[in-house]
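Given next are the chains, with one letter for each unit.
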Amino acid sequence: MRTRRRVGILGTGGMADALGAQWARAGHEVFVGGRNAGRAADLAHRIGAVGSGGLREAAEHGTDAVLLALPYPVAAETVAALEVPLRGRVLIDCTNPVGPGFALLTAGGPSAARRMASAAPVAHVVKAFNLCHEDVWRLTPPVFDGRPLAVPLCGDDEHALSVVRQLVRDLGCEPLNAGSLDRAALLEATAALLIGLWVGEGADAQAIAPPREFAGGRT
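Residues numbered from 1 in each chain as written. Predicted model: local features only at pLDDT ≥ 70, side-chain atom pairs only at ≥ 80, totals over all residues. Heavy atoms only, no water.

## Things to note about the pattern of salt bridges
Here is the rule we go by: Salt bridges are defined by distance alone: a side-chain nitrogen of Lys or Arg within 4 Å of a carboxyl oxygen of Asp or Glu. For helices the rule is a DSSP run of H or I covering at least 4 residues; for strands it is a run of E covering at least 2, with both sets numbered from the N terminus onward.
This structure, assessed with the given rule, holds twelve salt bridges. A salt bridge links Arg114 to Asp182; the shortest N-O distance between them is 2.9 Å. Pair noted here: Arg114 is in helix α5 (residues 112-119) and Asp182 is in the loop between β10 (174-177) and α8 (184-200), with a separation of 68 residues, a long-range link. Each of the salt bridges in this network shares a partner with another, and the network as a whole consists of Asp17, Arg46, Glu134, Asp135 and Arg138.

Given below as structure tokens:
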């Protein structure tokens, strides 16, 4: 039997819209929080959320998970301001620290996910959903050539990971264990590379990876 989750969403942009709509459709109690109350209310109505309000209210609602769907430049500051309501929460970080020229803004320093964990040290941060454009998450389900989309997860808390795995499966996707939160830097660097190839070069970035049977050098 599927567990119904209370999910708070921080943000009112495309990722909040796409993932929030899917989770509301799956029967979860989604609450939209934004810096602009009107935009939060409009989004909540559009996706079938149970309510809307400010960012703090969304963090308080998300007893099972809170999606951080804010622009990277304001994300850590916002998380730090919400440290108290985020205590013990599963905080899903889908931000991408990618700047002009598809440069990785965190190069040489902690990953974005690590910065979120430092801003709210008692939250359980899981890096997920950062490799695909919002339009991919609107697909029902995201299946390509008969293969469900795989979603890598990085995190240190097993309970938090299990919650996010369910939310991934509720999209029709398959969760992948990508390791501890320290490996989130690799996911973020991968996003910068892929975005640069897809958007900057117009390339088929998926073509850089061979089928699994060839990945280990077997012929």
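## What about the nonpolar core?
We apply this condition: As used in this record, nonpolar core signifies buried Ala, Val, Leu, Ile, Met, Phe, Trp, Tyr and Cys residues forming a set joined through side-chain atoms within 4.5 Å. Per-residue accessibility, obtained with a 1.4 Å probe over protein chains only, is compared with the maximum for each type, and a residue is labelled buried under 20%, exposed over 50%, and partly exposed between these values. Residue contacts are counted whenever heavy atoms from the two residues lie within 4.5 Å of one another.
Of all hydrophobic cores here, the largest spans 39 residues; its most connected members are Trp23, Ile92, Phe129, Trp137 and Val164. Ranked by residues supplied to this core, first place goes to helix α1 (residues 14-25) with seven residues. Val164 has contacts with Val90, Ile92, Val126, Ala128, Phe129 and Leu153, leaving out every residue within four places of it along the chain. Listed in part, the 29 residues of the second largest apolar core include Val66, Tyr72, Leu82 and Ala120.

## With respect to the packing of helix α4 (residues 72-81) against α5
Put simply, the rule is: Interaxial angles span 0 to 180 degrees and are taken between N-to-C directions of axes, which are lines fitted to C-alpha atoms, for helices over the stretch in contact. The labels follow the angle: roughly parallel below 35 degrees, roughly antiparallel above 145, roughly perpendicular from 65 to 115, and oblique for the rest. Two helices cross in a left-handed way if the nearer one is turned anticlockwise from the farther one by less than a right angle. They cross in a right-handed way if the turn is clockwise. Throughout, the ten residues Ala, Val, Leu, Ile, Met, Phe, Trp, Tyr, Cys and Pro are labelled nonpolar, Asp, Glu, Lys and Arg are labelled charged, and all others, Gly among them, are labelled polar.
Running from amino to carboxyl end, α4 crosses α5 at an angle of 20°, the nearest separation of the two axes being 7 Å. Relative to α5, α4 is oriented roughly parallel. Read as a crossing pair, α4 and α5 show a hand that is right-handed. Counting all contacts with α4, which are made through Tyr72, Ala75, Ala76, Val79 and Ala80, the residues of α5 involved are Ala112, Arg115, Met116 and Ala119. Each residue belonging to the contact of α4 with α5 can be placed in one class, and the counts come to eight nonpolar, no polar and one charged.

## Concerning the packing of aromatic side chains
The geometry of an aromatic ring pair comes down to the distance between the two centres and the angle between the two planes. Condition: Classification of ring pairs rests on two measures: the distance between centres of Phe, Tyr or Trp rings, Trp counted by its six-membered ring, which must be within 6.5 Å, and the angle between planes, read as stacked under 30 degrees, edge-to-face over 60 and tilted in between.
Enumeration over the complete set of coordinates arrives at two aromatic pairs. Where Trp23 meets Phe129, the ring centres are 5.7 Å apart and the plane angle is 70°; that geometry is what we call edge-to-face. Here Trp23, found in helix α1, pairs with Phe129, found in the loop between β6 (124-127) and α6 (134-137); they are 106 residues apart in sequence, far enough to count as distant. Trp23 sits in the buried class, given a relative accessible area of 0%. On the basis of relative accessible area, Phe129 is assigned to the buried category, the value being 2%. Between the aromatic rings of Phe129 and Trp137, the centroid separation amounts to 5.3 Å while the plane-to-plane angle is 85°, which identifies the pairing as edge-to-face.

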